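Spelled out from the first residue to the last, the chains are:
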Amino acid sequence: MMSWEFLEEVKTDWERYINTGEVSDRVSPVIKNSWKRCKQAGVDPYGGTGKRLNEDEFFGVMHCNRDLIEVAKPIMENLNSLVLGTGFVLVLTDKNGIILHITGEKSVEEDARRLNFCPGSSWQEDQVGTNAIGTCLIEQKPIQTIGAEHYCMGHHPWTCSAAPIKGTDGEMVGVLDMSGYSLGAHKHTLGIVVAAAYSIENQLSLKKSYAILDTTVESIADGMIIVNDNFGIHRINKAGDRILRIRGGELDKSDIREILGDNIFRGEDAFSKRVDWDFTFKDRRIPCNVKITPIEIEHEKKGMAILFREMKDVHQTVNVVSGNKANYSFDCIITGNENMLRAIKEAQKFARTRGCVLLEGESGTGKELFAHAIHNHSSRSNGPFVAINCASLPKDLVESELFGYEKGAFTGAVREGKVGKFELANGGTLFLDEIGELPLDLQAKLLRVLDDFTVTRVGGKVAKKLDVRIIVATNRDLLEETRRKTFREDLYYRLNVFNVKIPPLRKRGEDVILLAEHFLKKLNLANRTDKRMSREFSGCLGRNQWKGNVRELENIMHRAYHLCEESLITEELLPEDLFNDKSDEKDYGSLTIKEQEKEFIKRALEKSNGNVIGAGDMIGLSKSAMYRKLKEYSINPKQYKS
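Analysis parameters
- Residues numbered from 1 in each chain as written.
- Predicted model: local features only at pLDDT ≥ 70, side-chain atom pairs only at ≥ 80, totals over all residues.
- Heavy atoms only, no water.
- Patch = residues over 30% accessible without salt bridge, like charges linked within 9 Å, V, L, I, M, F, W, Y side chains within 5 Å.
- Areas by Shrake-Rupley, 256 points an atom, 1.4 Å probe, with all protein chains shown as cover.
- Salt bridge = Lys/Arg side-chain N within 4 Å of Asp/Glu carboxyl O.
- Lys, Arg positive; Asp, Glu negative; His and termini not counted.
- Charge placed at Lys NZ, Arg CZ, Asp CG, Glu CD.
- Helix = DSSP H or I, 4+ residues; strand = E, 2+ residues; numbered from the N terminus.
- Pairing = 2+ DSSP bridges.
- Buried < 20%, exposed > 50% of the residue type's maximum accessible area, 1.4 Å probe, protein only.
- Polar contact = N/O pair within 3.5 Å; in protein donor to acceptor, adjacent residues only side chain to side chain.
- Contact = heavy atoms within 4.5 Å.
- Axes fitted to C-alpha atoms, helices over the stretch in contact; angles between N-to-C directions.
- Expected span 1.5 Å × (residues − 1).
- Parallel < 35°, antiparallel > 145°, perpendicular 65-115°, else oblique.

Draft legend 1. Representation of a negative patch on the surface in the model. Together, Glu5, Glu8, Glu9 and Glu15 make up a negatively charged patch on the protein surface. Looking at where Glu15 falls in the secondary structure, it is placed in helix H1 (residues 4–20).

Laid out in structure tokens, this is it:
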């Protein structure tokens with residue numbers, strides 16, 4: 001408690017400074033500096049009434065400081081219960097000295113209100129003189145002002161103890177003050193206020209940490225479940241609610257083992273690796289990829305955090321990384337041939353169905369291009385497009401590649417197991433190229449899958465229901481293969497729901513130059529050049545049989561383009577062996593030049609399906625020259641239209 005003698009001495013020192021400007025040695029440096037600032041600012045020593053904010057201004061201040069108020073109020077109420085009856089009020093201000101909240105002795109509050117020492121008033125030093133709140137804001141350290149240490153006479157009956165409240169970044173966010181009558185002043189009061197302000201700082205820091213943690217937990221794409229040491233569910237984030245198809249809080253305090261079972265928490269891998277596991281809830285089975293991490297406090301396990309992602313999302317990520325998507329549409333198929341256009345039209349119709357599609361054609365005709373286009377033209381275009389070449393895999397690996405395997409299924413298997421192509425294609429399309437190369441034993445297993453579209457991994461016991469559209473391709477005559485017993489007849493009819501036959505390039509004569517120009521245009525664009533084909537070069541292309549089909553033509557164009565050092569691509573740039581195969585040609589050696597020319601024109605018309613311009617491009621003749629030759633040799637092009 002302060003003595004009358006001390007209060008009188010302080011009052012004498014204050015009067016001396018106000019009247020003469022001299023400061024007694026008894027005045028502390030903090031108070032001395034504050035008095036000087038107040039005089040310089042023109043503060044009226046006989047005033048000291050706080051300036052009130054209007055209602056809208058105060059509402060804005062309260063809104064900006066809602067976190068500080070929320071944290072400080074309970075601490076102030078608790079402290080008030082301890083000092084109740086001692087003649088003090090507890091005051092909270094923002095970083096600008098605006099009073100936000102007051103609690104304490106009602107009689108003291110009423111006396112303080114006469115000075116506008118109430119919520120909504122500014123208590124800055126340059127407005128109301130030296131006071132614990134305003135001076136604390138300037139000094140940024142705990143301050144105690146007693147009696148006449150206040151610059152304004154109206155505050156002399158008071159004693160105030162204030163401590164700064166700082167945020168996690170060290171910046172001022174507010175002030176906590178304890179004010180009462182000067183006779184009740186005690187040095188311990190400042191210590192109480194400092195302790196309470198420190199408690200508010202800790203709570204603000206904790207609140208910020210919780211906010212960061214909440215934001216982090218809710219921002220991750222994976223589901224997260226926090227479980228206590230008794231397997232009770234403490235919290236599930238919003239992503240977890242979405243994956244499990246539940247409402248927020250629906251599983252709070254439930255036992256995690258009720259939806260995950262016991263086995264996942266056993267064994268050496270339980271808390272070290274991600275595993276594929278099913279959540280079971282309300283008769284729903286939700287396949288997920290799960291990772292369990294123990295929560296340890298002071299080396300003691302206090303629960304666990306369970307991260308999980310739905311398997312379909314895992315598969316989608318794998319498909320993106322692996323490039324399992326269709327890149328081509330029907331617009332990418334370059335043709336002017338009627339049979340090819342008919343095949344495209346049929347494939348477009350088949351794309352809108354759910355049935356299997358069998359693509360038949362020689363190597364290099366564009367079967368994979370058709371498969372991409374069918375997928376992109378279907379309702380599954382947003383789903384994965386997974387392709388696998390049955391001829392490129394060792395026979396003992398085909399099954400595991402198609403259906404996947406569980407961990408430890410066989411020697412050399414990946415420890416965590418592997419997802420099969422069927423599972424990766426779930427919701428999309430699986431393209432099985434070279435289906436005729438599939439071993440007979442695998443044909444039986446594939447047939448079984450196609451019956452009900454359920455897949456069991458190698459070494460697994462759980463059958464998974466899938467939604468997959470199947471497209472297969474072959475360069476073999478599968479019907480003939482069934483007669484030879486090298487391909488299962490029942491599988492053939494299961495696959496041959498919709499059949500698309502892709503004609504070879506030698507039967508699409510008009511497409512040769514069309515495709516060659518397309519490939520050349522792509523090369524020119526990619527390399528910023530303007531190369532073109534000579535008439536002789538085009539004629540040679542038209543006369544070739546193209547046993548390698550479109551793939552061979554594309555390779556020839558690439559070769560000639562890159563060998564060409566000028567702007568004109570000539571026939572000398574074609575490979576020497578391109579026309580060596582004469583097995584299907586007539587013996588032209590005994591014919592005259594005119595007879596050979598006539599035969600070349602007829603053959604070109606056959607390849608172009610009677611298209612005069614297309615035939616002329618193949619053999620290097622202009623439109624007018626072709627019609628002149630047709631008249632000369634009495635050739636009717638209509639005879640060659642199929």
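Draft legend 2. Fine view of the pairing of strand S12 (residues 300–310). Alignment of strand S8 (residues 223–228) against S12, held across six bridges, turns out to be antiparallel. Residue pairing in the sheet places Gly223 in a bridge with Phe308 of S12. Both strand S11 (residues 284–297) and S12 contribute to a ladder of 10 bridges, which runs antiparallel. Note that in S12 the partner of Glu296 across the bridge is Lys301. A loop of two residues connects S11 with S12, the two strands running antiparallel in sequence, and Glu298 in this loop sits at a positive phi of about 55°.

Draft legend 3. Layout of the side chain of Ser534. Mapped onto the fold, Ser534 is located in the loop between strand S20 (532–533) and helix H20 (535–543). Ser534 sits in the buried class, given a relative accessible area of 5%. There is a polar contact of 3.0 Å between the side chain of Ser534 and the backbone nitrogen of Phe537. Among all residues touching Ser534, those that are not within four sequence positions of it are Leu568, Ile569, Thr570 and Glu571.

Draft legend 4. Representation of the environment of Leu450 in the model. Note that Leu450 resides in helix H16 (residues 440–452). Along the chain, Leu450 and Leu568 lie 118 residues apart, while their C-alpha atoms are 53 Å from each other. Among all residues touching Leu450, those that are not within four sequence positions of it are Ile470, Leu491, Arg494 and Leu495.

Draft legend 5. How the structure looks around the sheet that holds strand S6 (residues 158–166). Within the open sheet, the five strands sit side by side as S3-S2-S7-S6-S5. Their pairing is antiparallel. Looking at strand neighbours, the two that pair on one side only are strand S3 (99–104) and strand S5 (143–146), the edges of this open sheet. Sheet twist, expressed as the average angle between the axes of neighbouring strands with direction ignored, equals 15°. Summarising the sheet, S6 and strand S7 (residues 172–181) pair through nine bridges and their orientation is antiparallel. Bridge assignment links Thr159 to a residue of S7, and that residue is Gly180.

Draft legend 6. Representation of the pattern of salt bridges within the structure. Tallied over the full model, the rule gives 33 salt bridges. The shortest N-O distance in the salt bridge between Arg506 and Glu362 comes to 2.5 Å. Of the two residues, Arg506 sits in the loop between strand S19 (498–501) and helix H19 (509–527) while Glu362 sits in the loop between strand S13 (357–360) and helix H13 (367–376), which places them 144 residues apart along the sequence. Judged by relative accessible area, which is 27%, Glu362 ranks as partly exposed. Residues Glu437 and Arg476 are paired through a salt bridge, measuring 2.9 Å at the closest nitrogen-oxygen approach. With Glu437 in the loop between strand S15 (429–433) and H16 and Arg476 in the loop between strand S18 (469–474) and helix H17 (478–483), this pair connects stretches of sequence that are 39 residues apart. Overall, the relative accessible area of 31% leaves Glu437 in the partly exposed class. Connected via shared salt-bridge partners are Glu437, Arg476, Glu480, Glu481, Arg483 and Arg484.

Draft legend 7. View of helix H8 (residues 187–219). Under the 1.5 Å per step criterion, the end-to-end length of H8 is 49 Å for 33 residues, consistent within 8% with the ideal 48 Å. The set of residues buried in H8 consists of Thr189, Leu190, Val193, Ala196, Ala197, Ile200, Leu204 and Val217.

Draft legend 8. Highlighting a nonpolar patch on the surface. On the surface, Leu206, Tyr210 and Leu213 cluster together to form a nonpolar patch covering roughly 300 Å² of accessible area. Along the chain, Tyr210 falls in helix H8.

Draft legend 9. Local environment of the packing of helix H23 (residues 612–619) against helix H24 (residues 623–632). For the pair H23 and H24, the least separation of the axes is 9 Å and the interaxial angle reads 100°. Here H24 runs roughly perpendicular to H23, going by the angle between their axes. Seen from H23, the contacting residues are Val612, Ile613, Ala615, Gly616 and Ile619; seen from H24, they are Lys623, Met626, Tyr627 and Leu630.

These results come straight from atomic positions and should not be treated as a statement about function.
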